[in-house]
Amino acid sequence: RDLGLRKYELEDTEWVILQQLRDVLKILKDATLYFSRATPNLATVIPAMDHVDKMLTSYSRNKKYLPSIRSAVKLATNTLNRYYQLTDRSRTYRISMVLHPQHKLSYFKAAHWEDSWIKTA
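Here the structure is a predicted model, which is why all the values come from computation and not from measurement.

(A) Structural context of the overall build of the protein chain. Scanning the protein chain for helices and strands turns up 6 helices and 0 strands. Reading the helices (α) and strands (β) of the protein chain from amino to carboxyl end gives α-α-α-α-α-α. What you see for the protein chain is a C-alpha radius of gyration of 19 Å, clearly larger than the 14 Å of a compact globule of 121 residues, by over 25%. Its C-alpha atoms put the protein chain at 70 × 35 × 20 Å along the principal axes. Going through the 121 residues of the protein chain one by one, you find that 26% of them count as buried. Contacts in the protein chain between residues far apart in sequence, at least 24 positions, make up 58% of those at least 6 positions apart. Split by element, the accessible area of the protein chain, about 9,200 Å² in all, is 57% carbon and sulfur. Here the protein chain carries 20 positive and 12 negative side-chain charges, and the mean point of each set is 8 Å from the other.

Okay, here's the thing in structure tokens:
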């Protein structure tokens, strides 16, 4: 029985786009779920943003992804970086990391922050 739905069937190229979008969006879903847990804290914000940035940068450079997907990922990276810059305006994030027993200044050093930034933190 034909319901006239064939015209809405996705083509193979559209399936490829959807699969690539699924791959890329997974990191954002994981970050959202991470921060939705019962006990998020400020000391996890910068490391999580760094991880998301690293993954998005990797996707944007990976030739396996279509140019349209890589361009969209670059836009997402730009948006993430705008929010990251906002953390620079607040001492709270750096203070929470320096006071966190796991991070202290070691996170900043491992992330290759400039010495002047570490000193400021």
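(B) Quick look at the nonpolar core. By size, the foremost hydrophobic cluster in this structure holds 20 residues, and its most contacted members are Val 24, Leu 56 and Tyr 59. Listed by contribution, the elements that provide at least two residues to this core are α1 (12–35), α2 (45–61), α3 (67–88) and α5 (106–110). With 6 residues, α2 is the single largest residue contributor to this core. Beyond its immediate stretch of four places on either side in the chain, Tyr 59 contacts Asp 23, Val 24, Ile 27, Tyr 65, Arg 70 and Val 73.

(C) Main features of the packing of α1 against α2. For the pair α1 and α2, the least separation of the axes is 10 Å and the interaxial angle reads 175°. Relative to α2, the element α1 is oriented roughly antiparallel. The residues of α2 that touch α1, namely those facing Asp 23, Val 24, Ile 27, Leu 28, Ala 31, Tyr 34 and Phe 35, are Val 45, Ala 48, His 51, Val 52, Met 55, Leu 56 and Tyr 59. Classifying every residue of the contact of α1 with α2 gives 12 nonpolar, 1 polar and 1 charged.

(D) A look at the side chain of Ser 96. Tracing the chain through its elements places Ser 96 in helix α4 (residues 91–99). Note on Ser 96: relative accessible area 18%, which makes it buried. Side-chain polar atoms of Ser 96 contact the backbone oxygen of Tyr 93, separated by 2.8 Å.

(E) Summary view of the environment of Leu 105. With respect to the secondary-structure elements, Leu 105 resides in the loop between α4 and α5. For Leu 105 and Arg 94, which are 11 residues apart along the polypeptide, the C-alpha to C-alpha distance reads 9.3 Å. Apart from residues lying up to four places away in sequence, Leu 105 is in contact with Val 98 and Ile 118.

Criteria and cut-off values
- Residues numbered from 1 in each chain as written.
- Predicted model: local features only at pLDDT ≥ 70, side-chain atom pairs only at ≥ 80, totals over all residues.
- Heavy atoms only, no water.
- Helix = DSSP H or I, 4+ residues; strand = E, 2+ residues; numbered from the N terminus.
- Rg over C-alpha atoms; globule rule 2.2 N^0.38 Å.
- Buried < 20%, exposed > 50% of the residue type's maximum accessible area, 1.4 Å probe, protein only.
- Contact = heavy atoms within 4.5 Å.
- Areas by Shrake-Rupley, 256 points an atom, 1.4 Å probe, with all protein chains shown as cover.
- Lys, Arg positive; Asp, Glu negative; His and termini not counted.
- Charge placed at Lys NZ, Arg CZ, Asp CG, Glu CD.
- Core = buried A, V, L, I, M, F, W, Y, C linked by side-chain atoms within 4.5 Å.
- Axes fitted to C-alpha atoms, helices over the stretch in contact; angles between N-to-C directions.
- Parallel < 35°, antiparallel > 145°, perpendicular 65-115°, else oblique.
- Nonpolar A, V, L, I, M, F, W, Y, C, P; charged D, E, K, R; others polar.
- Polar contact = N/O pair within 3.5 Å; in protein donor to acceptor, adjacent residues only side chain to side chain.

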